[in-house]
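Below, each chain spelled out in residue letters.
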Amino acid sequence: MSSIAVAGANVDTRHWINGERVASAETFTNISPIDGTFLGEISRGSQAEADAAVAAAKAAFPAWAALGPKGRGEILHRIADLVEANIETLSMLETMDNGSLLRSHRRGVMPRVALNIRFFADWAINELHHEAFETRGHSNNISWDPSGVAALITPWNAPLMLATWKIGPALAAGDTVVLKPAEWTPLSASYFADLTKQAGLPDGVFNVVQGFGREVGAALVANPDLARISFTGSVPTAKVIARSAADNLTPISFELGGKSPCIVLEDADLDLAVTLAVEQYDNAGQVCLSGTRILVHENIADAFAKKFREKALQIKQGDPRDEDTDIGPQIHQVHFDRIKGFVDRAKAEGQEFVMGGEPNAELGGLYFKPTLVKNPAPGSEILTAEVFGPVLCMQTFSTDEEAVAMANGTEFGLAAILVSGNRERADRVSKQLVAGTIWVNCFFVRDLKAPFGGSRKSGIGREGGTWSFDFYADVKNTVVSPTGWKE
Ligand code: ADP
């Protein structure tokens, strides 16, 4: 069977290579985390499919590059139009595949997917320029040239959203693309491939290979014909990919994990602080940006904890297709077991759980209760490792300096949330925090123009706005002399 019906849509289960569907002899099983429903058997790619996809992308590159930003932009806008026309189908597919909320896909995520394509298409046309400047009469002219084939490796927690955050700028920059979606969420990328065809994207410009990271993913990133590798995922996988990229000196952009702090200063608006802290359970905690370490000033800690508990206990866990559900299941049994492992070990260590700490027995399956650990022991696993589930830690501090030291006391540096009632103080503290993004009295406000990425082990490089083009394109300076002209 080469296609499956999911949520009323036909989704092809094969790869998308050179504008055609290509099957593998082997398949892997895709199930829905919502209730374990069997969704279908998906082509399980290997070296051959990775090589074929890169070869197709390489062959398609010269013509795509030659089209220029305007020509490419027209096609990219048509893709975005088709995404918008298919928001309902894409939303349902994504929810069935990864268990995140249908309502947020409909209202926020899928419109953003379309915007990811439009924004970078327009940026390449209108914004990607640098004022020429003179050096002893010579003019420096900076351009962003297409670089070749970009391999994009993406995770399962926000599949199409994170894929198009890379596909948009890569294609707008004039690169051609091979996307390897996560094996737990193959569907939206496959459906998206059909939309690119309908939009008139030339064959080979965008390719999708399905399968496991250590199989087709590893084969893809080892390909010497790649010009770029952009990866979003975990630190251990990043190290494997970086080693592979090193053999070919392929430039990499990595967006990795986090153990971000959510700092509540003594002067914070308590209701706002509680709202922001409880939001860290969104997507069942499967968000790299999540502020999973809540640091609260000791003088307000009791009041905060009381309000936090009241609000968090109101979170409605259930079927992500229901309009009133706040958080759904974890993505997969393997991941669920991993989260439970962290929690069970923390319990065995005697850590204090003030909420949750166990699967949601009423719902069964992959639903894990929102969990809060109070004052975890310094250096303990639950406090330092990325759990990537609905598990938050709460600690207290007595001075701003202590808060900063605790916030920065991690190997990660993706994001930080700071809640304070005083602008000067917030400014002083945020300047001392090590992270790619600091949110002051807010969370998850992400402009596509802004640089995005992590410090320390949370990533290498920044994407967003011109930063995306700095990565996907070959940035070139043409220095023109005032002399030597014959006309
Ligand atoms: P997670 O722990 O969130 O599943 P991973 O970093 O393992 O994160 O996975 C993110 C993406 O990286 C997925 O698409 C996965 O298939 C891919 N991947 C995993 N291992 C490799 C590898 N060795 N080479 C290339 N891609 C890989």
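The structure displayed is predicted, hence computed values, not measured ones.

### Topic: the overall build of the chain
Then step 1. The number of helices and strands found in the chain is 15 helices and 22 strands.
Then step 2. Over its C-alpha atoms the chain spans a radius of gyration of 23 Å, differing by no more than 12% from the 23 Å that the globule rule assigns to 487 residues.
Then step 3. With the principal axes as the frame, the chain shows a C-alpha extent of 75 × 65 × 40 Å.
Then step 4. By residue count, 54% of the 487 residues in the chain fall in the buried class.

### Quick word on the domain arrangement of the chain
Then step 1. Under the domain assignment used here, the chain contains domain 1 (3–256 + 454–477) and domain 2 (261–440).
Then step 2. Just the C-alpha atoms count here: the centres of domain 1 and domain 2 sit 30 Å apart.
Then step 3. Taken residue by residue, the interface counts 20 residues in domain 1 and 22 residues in domain 2.
Then step 4. At the level of secondary structure, the elements contributing two or more residues to the side of domain 1 that touches domain 2 comprise helix H3 (87–98) and helix H4 (102–127).
Then step 5. For the side of domain 1 that touches domain 2, the residue count by class is 6 nonpolar, 10 polar and 4 charged.

### What to know about the site of the ligand
Then step 1. Near the ligand, the surroundings consist of 17 residues, among which Gly213, Gly217, Gly233, Ser234 and Thr237 are the closest.
Then step 2. Those elements that provide at least two residues to the shell around the ligand are helix H7 (213–221) and helix H8 (235–248).
Then step 3. The leading source of residues in the shell around the ligand is H7, at 5 residues.
Then step 4. In terms of residue class, the shell around the ligand is built from 8 nonpolar, 6 polar and 3 charged.

### Some thoughts on the pairing of strand S10 (residues 176–180)
Then step 1. Most of S10 is tucked away, with 5 of its 5 residues classed as buried.
Then step 2. Sheet topology note: the strand S9 (residues 149–153)/S10 ladder contains 5 bridges and is parallel. Counted as the bridge partner of Val149 is Thr176 from S10.
Then step 3. Of the crossover connections in this fold, the one passing from S9 over helix H5 (residues 159–172) to the parallel S10 is right-handed.
Then step 4. As defined by bridge partners, S10 adjoins strand S11 (residues 206–208) across 3 bridges and the pair is classed as parallel. Looking at the pairing, Leu179 lines up with Val208 of S11.
Then step 5. Read as a crossover between parallel neighbours, the route from S10 over helix H6 (residues 187–198) to S11 is right-handed.

### Here we look at the environment of Val434
Then step 1. Relative to the helices and strands, Val434 resides in the loop between helix H14 (423–432) and strand S20 (437–440).
Then step 2. In this structure, the C-alpha to C-alpha distance between Val434 and Gly409, residues 25 residues apart in sequence, is 9.6 Å.
Then step 3. If near-sequence neighbours (up to four positions away) are discounted, Val434 is found in contact with Asn408, Gly413, Ser455 and Arg456.

### Side note on the sheet that holds strand S22 (residues 473–480)
Then step 1. Spatially, S7-S8-S22 is the arrangement adopted by the 3 strands of the open sheet, whose pairing is antiparallel. Across the chains shown, the open sheet's two edge strands, defined by having one partner strand only, are strand S7 (133–135) and S22. If you compare each strand with its neighbour and ignore which way they point, the axes differ by 35° on average.
Then step 2. In terms of strand pairing, strand S8 (residues 138–146) meets S22 through 8 bridges, oriented antiparallel. Looking across to S22, one finds that Trp144 is bridged to Val475.

### Quick word on the nonpolar core
Then step 1. Core analysis: the biggest nonpolar cluster contains 83 residues, and Ala57, Val83, Val149, Ala151, Leu152, Val177 and Val178 have the highest contact counts within it.
Then step 2. Considering every element that reaches this core, the biggest residue donor is H4, with 10 residues.
Then step 3. With residues up to four places along the chain from it excluded, the contact list for Val178 reads Ala53, Val54, Ala57, Val149, Ala151, Asn207, Val209 and Leu220.
Then step 4. Grouped together as the second largest cluster of nonpolar side chains are 57 residues, Val264, Ile339, Val343 and Ala435 included.

How each quantity is defined
Residues numbered from 1 in each chain as written. Predicted model: local features only at pLDDT ≥ 70, side-chain atom pairs only at ≥ 80, totals over all residues. Helix = DSSP H or I, 4+ residues; strand = E, 2+ residues; numbered from the N terminus. Rg over C-alpha atoms; globule rule 2.2 N^0.38 Å. Buried ≥ 20, exposed ≤ 12 C-beta atoms within 10 Å, placed from the backbone. Domains from an automatic or database assignment. Contact = placed C-beta atoms within 7 Å. Nonpolar A, V, L, I, M, F, W, Y, C, P; charged D, E, K, R; others polar. Near = placed C-beta within 6 Å. Pairing = 2+ DSSP bridges. Right-handed = clockwise from strand over helix to strand, strands pointing away. Axes fitted to C-alpha atoms, helices over the stretch in contact; angles between N-to-C directions. Core = buried A, V, L, I, M, F, W, Y, C linked by C-beta atoms within 7 Å.

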